[in-house]
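# Coordinate inspection notes
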Amino acid sequence: MFYYVLKYVVLGPLLRVLFRPRIEGLENIPEEGAAIVAGNHLSFSDHFLMPAILKRRITFLAKAEYFTGPGIKGRLTAFFFRSAGQIPVDRSGKDAGRAAIREGLGVLDKGELLGIYPEGTRSHDGRLYKGKVGVAVMAITARVPVVPCAMVGTFEIQPPGQVVPKIKRVTIRFGEPLDFSRYAGMENQKAAIRAVTDEIMYAILELSGQEYVDEYAAKVKAADQEAAPPKKFRGLRR
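Since this is a predicted model, take the numbers as computed values, not measurements.

About the criteria used
Residues numbered from 1 in each chain as written. Predicted model: local features only at pLDDT ≥ 70, side-chain atom pairs only at ≥ 80, totals over all residues. Heavy atoms only, no water. Helix = DSSP H or I, 4+ residues; strand = E, 2+ residues; numbered from the N terminus. Rg over C-alpha atoms; globule rule 2.2 N^0.38 Å. Buried < 20%, exposed > 50% of the residue type's maximum accessible area, 1.4 Å probe, protein only. Contact = heavy atoms within 4.5 Å. Areas by Shrake-Rupley, 256 points an atom, 1.4 Å probe, with all protein chains shown as cover. Lys, Arg positive; Asp, Glu negative; His and termini not counted. Charge placed at Lys NZ, Arg CZ, Asp CG, Glu CD. pLDDT = per-residue confidence, 0-100. Pairing = 2+ DSSP bridges. Salt bridge = Lys/Arg side-chain N within 4 Å of Asp/Glu carboxyl O. Axes fitted to C-alpha atoms, helices over the stretch in contact; angles between N-to-C directions. Parallel < 35°, antiparallel > 145°, perpendicular 65-115°, else oblique. Left-handed = near helix turned anticlockwise from the far one by under 90°. Nonpolar A, V, L, I, M, F, W, Y, C, P; charged D, E, K, R; others polar. Patch = residues over 30% accessible without salt bridge, like charges linked within 9 Å, V, L, I, M, F, W, Y side chains within 5 Å.

### So, the overall build of the chain
Per the secondary structure count, the chain includes 8 helices and 9 strands. Rg of the C-alpha trace for the chain: 18 Å, near the compact-globule value of 18 Å for 238 residues, within the 12% margin. For the C-alpha atoms alone, the extent of the chain along its principal axes is close to 70 × 45 × 35 Å. Here the chain holds 238 residues, and the buried ones make up 47% of them. Taking the intrachain contacts of the chain between residues at least 6 apart in sequence as the baseline, contacts between residues at least 24 apart amount to 79%. Carbon together with sulfur atoms contributes 56% to the accessible area of the chain, which is approximately 13,300 Å² in total. Each charge sign in the chain was given a centre, from 35 positive and 25 negative side chains, and these centres are 10 Å apart.

### So, the confidence of the model for the chain
Atom-level detail of predicted coordinates should not be read off regions where pLDDT is low. Of all residues in the chain, 92% attain a pLDDT of 70 or more, and the chain-wide mean is 88. Long-range and interchain partners of residues 233–238, a stretch whose pLDDT sits below 50, account for 0 contacts in this model, where long-range means more than four residues apart.

### Brief notes about the pairing of strand β7 (residues 146–152)
As a general feature of sheets, a regular strand has side chains that alternate between the two faces. Buried residues dominate β7, accounting for 6 of its 7 residues. As paired strands, strand β2 (residues 35–39) and β7 are joined by 4 bridges and run parallel to one another. Bridge pairing in β7 links A38 to P148.

### Things to note about the pattern of salt bridges
What the rule picks out here adds up to 5 salt bridges. Among the ionic pairs, E211 bridges to R127, the shortest N-O distance being 3.5 Å. With E211 in the loop between α7 (190–208) and β9 (212–213) and R127 in the loop between β5 (113–116) and β6 (128–129), the pair connects residues that are 84 residues apart, well separated along the chain. Of the charged contacts, one joins E199 and R182 as a salt bridge, the two residues approaching to 2.8 Å between their closest N and O atoms. Linking E199 in helix α7 with R182 in the loop between β8 (171–174) and α7, this pair joins segments that are 17 residues apart in sequence. Put simply, D125, R127 and E211 are held in one network by salt bridges that share partners.

### Observations regarding the packing of helix α4 (residues 96–109) against helix α5 (residues 134–142)
Between α4 and α5, the least distance of the axes is 10 Å, while the angle of their chain directions is 40 degrees. In terms of their interaxial angle, α4 and α5 are classed as oblique. Taken as a pair, α4 and α5 cross one another with a handedness that is right-handed. When α4 is examined against α5, the residues A100, I101, G104, L105 and L108 are found in contact with a partner set consisting of G134, V137, M138, T141 and A142. Counted by class, the contact of α4 with α5 contains 7 nonpolar, 3 polar and no charged residues.

### Thoughts on a nonpolar patch on the surface
On the surface, a cluster of nonpolar side chains totalling about 410 Å² of accessible area is made up of Y4, Y8, V9 and V10. Considering the arrangement of structural elements, one finds V9 in helix α1 (residues 2–19). The exposure class of V9 is exposed, given its relative accessible area of 59%.

### Thoughts on the pairing of β2
In terms of residue burial, β2 counts as a mostly covered element, since 5 of its 5 residues are buried. With 4 bridges connecting them, β2 and β5 associate as parallel partners. Its bridge partner lying in β5, A38 is registered against I116.

Right, dumping it as structure tokens:
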């Protein structure tokens, strides 16, 4: 119930007025039945802009940290994400990937739309990074189409670390659904799921026009942070 209040009464109309999103390829979203919408992830704003313009409800797998923050802010954030129908996923530990796949398949089994960011985290520099194979495992196992999606301009309005987004027009593009029925029964074969994931990422790349990096975003982000010079401590002036 709260999902539709946000979408049609509170957040959706506000986002449409502020960011005036250009929407391309919306007809590629199936009107009914299970499907995966796989997109690039450039900004915190992505969580709200794509669902706001879709006709159907979409459920995203969201990082567990959004649901476990401390204090009033943490509780409000958790309430918002749960009310919006988002599912918390623990991204730490060896079983994290399997838990995410299990939750995602549960959404698809109900004939719903599942939203996922194959990169696994937001891009810290605006480039498109290597996709994780969970999206392929779910697509093959559930035998559902994958609709590639590109968010264009959201990095510029709200890059990582910026709390309040800039008011600027963005573009949301949906590509033609990708059919992976030829890989039926191959969800446990490493070569197959890598090939499917790379095909999905290439489709996103064609829509977004980003520079592609054949490494995982989290690994590159960690390396960049480690290489960054330490911040100088500014003591109290006397």
